[in-house]
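Inside the fold
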Amino acid sequence: MSENRAADETAITAVLENLYKAWEANDADAFVAEYTEDATAVLPGSLRQSREAIRSNMAGGFAGPLKGSKTYNKPLSIRFLGQDGAVVVSESGILFAGETELPAARLVHATWVLERRDGRWLVASYHNSPANPAS
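Note that the structure is a prediction, hence the values are computed from the model and not measured. (Residues numbered from 1 in each chain as written. Predicted model: local features only at pLDDT ≥ 70, side-chain atom pairs only at ≥ 80, totals over all residues. Heavy atoms only, no water.)

**Things to note about the pattern of salt bridges**
- If you walk through the whole model with that rule in mind, you get nine salt bridges.
- Close ionic contact of Asp29 with Arg55 constitutes a salt bridge, the shortest N to O distance being 3.9 Å. Of the two residues, Asp29 sits in helix 2 (residues 28-31) while Arg55 sits in helix 3 (residues 51-63), which places them 26 residues apart along the sequence.
- Overall, Arg55 belongs to the partly exposed group, its relative accessible area being 22%. (Salt bridge = Lys/Arg side-chain N within 4 Å of Asp/Glu carboxyl O. Helix = DSSP H or I, 4+ residues; strand = E, 2+ residues; numbered from the N terminus. Buried < 20%, exposed > 50% of the residue type's maximum accessible area, 1.4 Å probe, protein only.)

**Focus on helix 1 (residues 6-24)**
- Its 19 residues give helix 1 an end-to-end C-alpha distance of 27 Å, which sits within 8% of 27 Å, the value for a rise of 1.5 Å per residue.
- Where helix 1 is concerned, the buried positions are Asp8, Ile12, Val15, Leu16, Leu19, Tyr20, Ala22 and Trp23. Within helix 1, the buried residues cover an arc of 165° as seen down the axis, which keeps them to one side. Seen from the buried face of helix 1, the exposed residues on the opposite side, beyond 90 degrees, are Ala7, Thr10, Lys21 and Glu24. (Expected span 1.5 Å × (residues − 1). Arc of directions from axis to C-beta.)

**A look at the side chain of Ser69**
- Here Ser69 is to be found in the loop between helix 3 and strand 3 (70-80).
- Within polar-contact distance, the side chain of Ser69 engages the side chain of Trp23 at 2.8 Å.
- Here the side chain of Ser69 touches Leu66 through a polar contact of 2.6 Å, landing on its backbone oxygen.
- Residues in contact with Ser69, not counting those within four places in the same chain, are Trp23, Glu24, Asn26, Ile94, Leu95, Phe96 and Ala97. (Polar contact = N/O pair within 3.5 Å; in protein donor to acceptor, adjacent residues only side chain to side chain. Contact = heavy atoms within 4.5 Å.)

**Focus on the sheet that holds strand 3**
- What the six strands build is an open sheet, ordered 2-1-6-5-4-3; its pairing is mixed. The outermost strands of the open sheet, each flanked by one partner alone, are strand 2 (46-48) and strand 3. Across this sheet, the average inter-strand angle for adjacent strands is 20°, counted without regard to direction.
- Relative to strand 6 (residues 120-130), strand 1 (residues 35-43) runs parallel, the two sharing four bridges. The residue of strand 6 that forms the bridge with Thr40 is Ser125.
- Sheet strands in contact with helix 1 are strand 1, strand 3, strand 4 (85-95), strand 5 (108-117) and strand 6, and its direction is about 160° off that of strand 3. (Pairing = 2+ DSSP bridges. Axes fitted to C-alpha atoms, helices over the stretch in contact; angles between N-to-C directions.)

Structure representation (structure tokens):
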């Protein structure tokens, strides 16, 4: 039995698109607006254990080394975990101010875990690690 999840896929894609727009605007509040309060973010050398910790870190980044940056993002897959959970795998990277191409060394594979709470899809967890451009 196949279930059509097109509406859920559209909603999840919109959540991620909103994050990317917030990044480009260097807006930390908008960036975490669609994160759960208890969200986690795991990046090489870093663990952020709440929406506020993620917001604070992004605000510092947007005021400093990430100012004027944007992201490259290419969704690779969406897999549903029951009715209210989903895992998105993407290829991503940061383009710093003035860059038009992403250097291969900054390409990452990202895993987004989303859950539906009160009818809204929200990011519950994010993780990325360097990609191997040769693979």
